[in-house]
Amino acid sequence: MPRAFVIVIDSVGIGGAPDADQYFNGTLPDTGANTVAHIAQTAGLCVPTLDAMGLGAAVQLASAETAKGLDTTPTGAWGAATEKSRGKDTPSGHWELAGVPVPWEWHTFPDTQPAFPDDLTAEICAAAGTDGILGNCHASGTVIIEELGDAHVQSGWPICYTSVDSVLQIAAHEDHFGLQRLYDLCAAIAPTLHGMKVGRVIARPFVGSSGNYTRTANRKDFAIATPAPTICNYVAQAGRKVYAVGKIGDIFSMSGISDLRKGRDAELMGHLDDLVSEADDGSFIFANLVEFDSEYGHRRDPAGYAAHLQWFDAALAELLPKLRTNDLLIVTADHGNDPTWPGTDHTRERVPVLVHGAGARPLGLLDFSDVGASVAAHLKIPYQGEGKSFL
Ligand SMILES: O=P(O)(O)O[C@H]1O[C@H](CO)[C@@H](O)[C@H]1O
Ligand SMILES: [Mn+2]
Ligand SMILES: [Mn+2]
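This structure is a prediction, so every number in the text was calculated from the model and none was measured.

## Focus: the overall build of the protein chain
Secondary structure assignment for the protein chain yields 13 helices and 16 strands. Based on the C-alpha atoms only, the size of the protein chain along its principal axes is roughly 60 × 45 × 35 Å. Burial statistics for the protein chain: of 391 residues in total, 56% are counted as buried. For the protein chain, contacts bridging at least 24 residues in sequence account for 68% of all contacts bridging at least 6.

Here is the structure:
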C-alpha cells in the first residue's frame, strides 16, 4: 500500500504572495519579501537535491525572481502554492496544507505596552500565583529573556510577550519558575485565549544564569482546535496510521495523530529515516522542521539559514533513495521568514511544493490545500477537505 510523507520546512517561502502588501513587519509591507531568493543572493546557497526537485523553478514561478545558483532542470513534480487564510503564521499554513483554510480573522495584540488587556493580565497572574507579569509587549523571544531574565528570576513573575502572529508566549526559567508550572499556566489560560481567537499560547522555557540565558527544546504550543477535520483526521478515519514528527502534534492538538516523535531538527531527520523503514503500509507521515524559522528566520541570520538548508538538502539526498516504490514525498513550507527583511516577524509569501514519486512535471500555481487533497488521493482514502489533487 502507498505511503505519503509531507515535510514542512518551516518558513521556507519563495516570494510572490499576491496579498503581501496586506502583511507587515512593523510598518513595512511584506511586498517583495522572498526567503529563498534573498538567502541565495546574500549568503549563497548550494542545495542540489531541492533544486533538482524544482526549488529554483518554483521560486521563478512564484515570484519572477531568480534564486542565484538554483538553475537545475527539475526531475521531480514541482509547483508554488498560494495561501488564502488570513494569517502568515504556523497554524494557518499547516491547517490549510492539511485541507482546512482558516475561516476566521485571528485576534492579534497591539504593538503597545501594555499589549494585553488588564483582565487577561489579571487572569494570568491568578493562574500563575504572582502579583504581576513582565514584558506585556511585542518582542523577540531571545532578546526579551536577555532583557528580563534577571527580573524574572528575582520577582518570579512570568515574561509574557507577543508578535504580529496571533500568539501569547510565556517565557519562564525551568529551575526558578519550574517547567511543569509553566505548562500548567499555559494550559490554564489557553481556553480564554482560544475563546478570543488567539491561535496559540506558547510555553518558552529557558535555563542559564544572568547574561547567559538560553531557550530549551521544551517549548510547547497550546493551539486552538481546527474548525473542521484535516487530512490527519481523514487518514485516521480510514483506519490508517498518522505519524507526527516535530511540532505537528501541537499544531493539530494531536487530533487524528497516533504516533508522535519530537526533538531538534537533526533528531527529527533521524525519526524520518526510521519511519521510511518502519512506518506502516498506507500511513501518513507529517513532519515539521522548525529551526529554519526559529533559529535563523526570526533571528535574521541569512548565513545560518543557508547552512541549515544545505544540511537539510544533504539529509534529504540520503533519505530519498530509501523510499519504497509507491511512496510519495512532498517538501513544502507554511509561510516565509525572509532573514534579510526588516523586523523579526514572518513574511507573507508563496511556498514551494516539491514532489518526489509523481514523475517530472510542472504543477503550476497551486493552493495550499491541494497538498492535503493530493495526500488523500495518493493514499486512496475518502476526503472532504478543501483542495484539488495534483496527482
Ligand atoms: O521570537 P520568538 O519567541 O522565537 O517568537 C516567534 O515564534 C512565534 C511562534 O512561532 C512567532 O509568533 C514569533 O514571535
Ligand atoms: Mn511556521
Ligand atoms: Mn515563526
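## Focus on the UniProt feature "binding site: Mn(2+) 2" (unreviewed entry) in the protein chain
Sites flagged by UniProt as "binding site: Mn(2+) 2" (unreviewed entry) map to Asp293, His298 and His346. Spanning 54 residues, the named residues nonetheless gather at one spot, since no C-alpha pair among them exceeds 8.4 Å. One can find His298 in the loop between α11 (291-297) and α12 (302-319). Under the C-beta neighbour-count criterion, His298 is labelled buried, with 20 such atoms within 10 Å.

## A closer look at the packing of helix α1 (residues 35-43) against α12
Remark: α1 packs on α12, axes separated minimally by 9 Å, with the N-to-C direction vectors making an angle of 105 degrees. The orientation of α1 relative to α12 falls into the category roughly perpendicular. On the side of α1, the interface is formed by Ile39, Thr42 and Ala43, while α12 contributes Pro302, Ala303, Tyr305 and Ala306. Among the residues forming the contact of α1 with α12, the class breakdown is six nonpolar, one polar and no charged.

## Topic: the UniProt feature "binding site: Mn(2+) 1" (unreviewed entry) in the protein chain
Here, UniProt's "binding site: Mn(2+) 1" (unreviewed entry) annotation points to Asp10, Asp334 and His335. Spatial clustering of the annotated residues is evident: they stretch over 326 residues in sequence, but the largest pairwise C-alpha distance comes to 7.2 Å. For Asp334, a count of 29 C-beta atoms within 10 Å corresponds to the buried category. Those residues in contact with Asp334 that sit more than four places away from it in its chain are Val8, Asp10, Thr90, Gly93, His94, Leu97 and Val351.

## Overview of the nonpolar core
Counting residues in hydrophobic clusters, the biggest one holds 119 residues, and the most contacted among them are Ala58, Phe286, Ala287, Ile330, Val353 and Leu354. Among the domains, domain 1 (3-103 + 227-379) and domain 2 (118-223) are the pair contributing at least three residues each to this core. Grouped together as the second largest cluster of nonpolar side chains are five residues, Ala17, Tyr23, Ala33 and Trp341 included.

## Focus: the domain arrangement of the protein chain
For the protein chain, the domain assignment lists domain 1 (3-103 + 227-379) and domain 2 (118-223). Just the C-alpha atoms count here: the centres of domain 1 and domain 2 sit 28 Å apart. Each partner contributes to the interface: domain 1 provides 14 residues, whereas domain 2 provides 12 residues. Tallied by class, the residues present in the side of domain 1 that touches domain 2 amount to three nonpolar, five polar and six charged.

## Observations concerning helix α5 (residues 118-128)
Residues Leu120, Ile124 and Ala128 constitute the buried set of α5. Mapping the buried residues of α5 onto a view down its axis gives an arc of 70 degrees, with all of them on the same face. What points out from α5, more than 90 degrees from its buried face, is the exposed set Asp118, Asp119 and Ala126. Those residues of α5 hidden inside the fold are in contact with β6 (159-162) and α7 (174-195). A positive backbone phi angle near 75 degrees is found at Gly129, which sits one or two residues after α5.

## Looking at the site of ligand 1
Around ligand 1, a shell composed of Thr90, Ser140, Gly141, Ser163, Asp165, Val167, Gln169, Ile202, Arg204, Ser294 and His298 is seen. Where the shell around ligand 1 is concerned, the elements lending two or more residues are β7 (167-173) and β8 (200-207). Grouping the amino acids of the shell around ligand 1 by side-chain chemistry returns two nonpolar, seven polar and two charged. Shared between two domains, the shell around ligand 1 takes at least three residues from each, and those domains are domain 1 (3-103 + 227-379) and domain 2 (118-223).

## Observations concerning the packing of α5 against α7
Remark: α5 packs on α7, axes separated minimally by 9 Å, with the N-to-C direction vectors making an angle of 150 degrees. Viewed along their axes, α5 and α7 adopt a mutual orientation that is roughly antiparallel. Classified by chirality, the crossing of α7 by α5 is right-handed. When α5 is examined against α7, the residues Leu120, Glu123, Ile124, Ala127 and Ala128 are found in contact with a partner set consisting of Leu185, Ala188, Ile189 and Thr192.

Thresholds, definitions, all that
Residues numbered from 1 in each chain as written. Chains lettered and ligands numbered in written order. Predicted model: local features only at pLDDT ≥ 70, side-chain atom pairs only at ≥ 80, totals over all residues. Helix = DSSP H or I, 4+ residues; strand = E, 2+ residues; numbered from the N terminus. Buried ≥ 20, exposed ≤ 12 C-beta atoms within 10 Å, placed from the backbone. Contact = placed C-beta atoms within 7 Å. UniProt positions renumbered as here; feature names shortened; annotations may be inferred. Axes fitted to C-alpha atoms, helices over the stretch in contact; angles between N-to-C directions. Parallel < 35°, antiparallel > 145°, perpendicular 65-115°, else oblique. Nonpolar A, V, L, I, M, F, W, Y, C, P; charged D, E, K, R; others polar. Core = buried A, V, L, I, M, F, W, Y, C linked by C-beta atoms within 7 Å. Domains from an automatic or database assignment. Arc of directions from axis to C-beta. Near = placed C-beta within 6 Å. Left-handed = near helix turned anticlockwise from the far one by under 90°.

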